[in-house]
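So you can see what is in the structure, the chains are spelled out below.
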Amino acid sequence: MHPKILAVDDSKTIRMIVSKAFKSFDCDVFEATNGLEGLSIAGKEKPDVIILDITMPVMDGYEMLNRLRADRDLRQIPVIMLTAESGRENVAHIARMGVRDYLVKPFKEEQLLEKAGRIVTLAARPAAN
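A brief structural summary. Quick caveat, the model's predicted, so the values are computed rather than measured.

Counting residues in hydrophobic clusters, the biggest one holds 21 residues, and the most contacted among them are Leu6, Val8, Ile50, Leu52, Met64, Leu68 and Val79. Ignoring anything within four residues of it in the chain, the contact list for Leu68 reads Leu39, Ala42, Ile50, Leu74, Arg75 and Val79.

Written out as C-alpha cells, the structure is:
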C-alpha cells in the first residue's frame, strides 16, 4: 500500500512545494489549511506522516499536535514540524512535543524527502502506459 502524506499549512505555496516534492513517488498527498481541517483529514485518512506548520489561523500546529497526541487512533502518526525559527529554544520545544523531525522554512524538496523517507518508504510512481 502506498503511503499517505498530510500537509497542513496555511500557505498555499508551502502546500504546493510539499505536493510537488512527492509527485514522482507512489503516494497520496492530502492538504489542509489549518489544524482543525488537518485533524478532520487525519481522522478520515489516517496518514502515515503529517507535515505540520506551527503558525496558522483557526488552530495552530501546537494545538493540532496536542490533539493528535490525545487521540488514541491518531497519536502514533509521525509528525514533521515546519517552523520559521531555528533557535535552540524553539527546536527544543518542538522536540519535547514528541515530533519525529522538523524542517526550518524555507526548505528544499530534497530535505523534506530525506526526512519523510526515514519514516515511510518512498517508491517511484509507476510509469503511465
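Back to the text.
Now for the sheet that holds strand β5 (residues 101-104). Read across the sheet, 5 strands follow the order β2-β1-β3-β4-β5 without closing on themselves; strand pairing throughout is parallel. Looking at strand neighbours, the two that pair on one side only are β2 (28-32) and β5, the edges of this open sheet. In this sheet, adjacent strand axes meet at a mean angle of 20° when their direction is disregarded. In this structure, strand β3 (residues 49-53) lies alongside strand β4 (residues 79-83), joined through 4 bridges in parallel fashion.

Glancing now at the packing of helix α1 (residues 12-22) against helix α5 (residues 109-117). Look at α1 against α5: their axes get within 10 Å of each other, and the N-to-C directions meet at 65°. On the basis of the axis angle, α1 is roughly perpendicular to α5. Judged by the sense of rotation from one axis to the other, the crossing of α1 with α5 is right-handed. Seen from α1, the contacting residues are Ile17, Val18, Lys20, Ala21 and Phe22; seen from α5, they are Glu109, Leu112, Leu113 and Ala116. Tallied by class, the residues present in the contact of α1 with α5 amount to 7 nonpolar, no polar and 2 charged.

Along α5, the residues that are buried comprise Leu112, Leu113, Lys115 and Ala116. Taken end-on, α5 shows its buried residues confined to a sector of 165°, consistent with a single buried face. On the buried face of α5, the contacting elements are α1, β3, β4 and β5.

Considering all chains together, one arrives at 9 salt bridges under this definition. Between Glu45 and Lys4 there is a salt bridge whose closest N-O contact spans 3.3 Å. Here Glu45 is found in helix α2 (residues 35-45), whereas its partner Lys4 is found in strand β1 (residues 4-8), with 41 residues between them in sequence. Take Glu45: its relative accessible area is 25%, and that puts it in the partly exposed class. We classify Lys4 as buried; its relative accessible area is 17%. Across the pair Arg15 and Glu31 runs a salt bridge whose closest N-O atoms are separated by 3.2 Å. Here Glu31 lies in strand β2 and Arg15 lies in helix α1, a separation of 16 residues in the sequence. The class of Glu31 is partly exposed, set by a relative accessible area of 35%.

So, how was this worked out
Residues numbered from 1 in each chain as written. Predicted model: local features only at pLDDT ≥ 70, side-chain atom pairs only at ≥ 80, totals over all residues. Heavy atoms only, no water. Core = buried A, V, L, I, M, F, W, Y, C linked by side-chain atoms within 4.5 Å. Buried < 20%, exposed > 50% of the residue type's maximum accessible area, 1.4 Å probe, protein only. Contact = heavy atoms within 4.5 Å. Pairing = 2+ DSSP bridges. Helix = DSSP H or I, 4+ residues; strand = E, 2+ residues; numbered from the N terminus. Axes fitted to C-alpha atoms, helices over the stretch in contact; angles between N-to-C directions. Parallel < 35°, antiparallel > 145°, perpendicular 65-115°, else oblique. Left-handed = near helix turned anticlockwise from the far one by under 90°. Nonpolar A, V, L, I, M, F, W, Y, C, P; charged D, E, K, R; others polar. Arc of directions from axis to C-beta. Salt bridge = Lys/Arg side-chain N within 4 Å of Asp/Glu carboxyl O.

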